[in-house]
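# Architecture at a glance
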Amino acid sequence: MQFQTKMKALRILENEHLLIRSLLHEWYQIMMDVKQTDAMLSKYHKLRILKEKVSDFLPILDKHQAKEERFFFPILGSYIGTDQGPIITIEAEHDEMAQYFNHFIGVTNMMELSTEDINLLLNDLNEGYEICMVHMYKEESVLFQMAEKVFKIKDEETLLEAVNTKII
């Protein structure tokens, strides 16, 4: 695997993206299996497994996004602004993903779901998945690249110290 960024602090965030992508793909496969399963008992069982995987995934995503919002975005924002532009868009996507993923967890807590309910729920979960995948690409190709151009050594050192923590 080759990192796209040279900055150590950004490599930590980029490495976390690799973990998040791996976890996304893991539950995405289960989600596709649920969609293709016809037998309701089997569908419910697989849905429960999917819910567990998404539930395990959410704290990792939340910790990663908290690092970005608390440390990375403010430093980058001091150069490019935070009232408009890419940072405000990326932060809005954090909220949007959370809504999709938390909606899935909340609705799967309900006892009786029809096949139609499950399919609609999986479509929403898939939307969250797609937003997350595109979101990380945007961070890596836009925000990380901007940061590499504008960050000073002290910025990288500050960010490295702040983000050099585990998310799992």
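Figured I'd write up the structure that's included with this text. (Residues numbered from 1 in each chain as written. Predicted model: local features only at pLDDT ≥ 70, side-chain atom pairs only at ≥ 80, totals over all residues. Heavy atoms only, no water.)

Let us now look at the side chain of histidine 94. Along the chain, histidine 94 turns up in helix α3 (residues 86-108). With near-sequence residues (within four places) excluded, histidine 94 lies in contact with Gln65, Glu68, Glu69, Phe73, His135 and Glu139. (Helix = DSSP H or I, 4+ residues; strand = E, 2+ residues; numbered from the N terminus. Contact = heavy atoms within 4.5 Å.)

Right, let's get into the pattern of salt bridges. Counting across every chain of the model gives 6 salt bridges. The salt bridge involving aspartate 33 is made with lysine 46; its shortest N-O contact spans 3.3 Å. Taken together, the residues aspartate 33 in helix α1 (residues 8-36) and lysine 46 in helix α2 (residues 40-80) connect sequence positions 13 residues apart. The class for aspartate 33 is partly exposed, based on a relative accessible area of 33%. The salt bridge partner of aspartate 155 is lysine 154, with a shortest N-O separation of 3.5 Å. Of the residues examined, lysine 154 reaches a relative accessible area of 53% and is grouped as exposed. (Salt bridge = Lys/Arg side-chain N within 4 Å of Asp/Glu carboxyl O. Buried < 20%, exposed > 50% of the residue type's maximum accessible area, 1.4 Å probe, protein only.)

Now for the environment of threonine 165. Position of threonine 165 among the secondary structure elements: in the segment after α5 (153-163). According to the relative accessible area criterion, threonine 165 is partly exposed, its value standing at 44%. In the structure, threonine 165 is positioned 79 residues away from proline 86 in sequence and 25 Å away in space, judged by C-alpha atoms. In contact with threonine 165, other than residues within four places in its own chain, are Glu16 and Lys67.

This part covers the packing of α3 against helix α4 (residues 115-150). Look at α3 against α4: their axes get within 9 Å of each other, and the N-to-C directions meet at 155°. Comparing their axes, α4 and α3 come out roughly antiparallel. Once α3 is placed against α4, the crossing between them reads as left-handed. Of the residues contributing to the contact of α3 with α4, the split by class is 17 nonpolar, 5 polar and 6 charged. (Axes fitted to C-alpha atoms, helices over the stretch in contact; angles between N-to-C directions. Parallel < 35°, antiparallel > 145°, perpendicular 65-115°, else oblique. Left-handed = near helix turned anticlockwise from the far one by under 90°. Nonpolar A, V, L, I, M, F, W, Y, C, P; charged D, E, K, R; others polar.)

This part takes up the environment of leucine 113. With respect to the helices and strands, leucine 113 occurs in the loop between α3 and α4. Residue leucine 113 is classed as buried on the basis of its relative accessible area of 6%. In this structure the C-alpha to C-alpha distance between leucine 113 and leucine 19, which are 94 residues apart in sequence, comes to 31 Å.

Coordinates in, geometry out; function isn't part of it.
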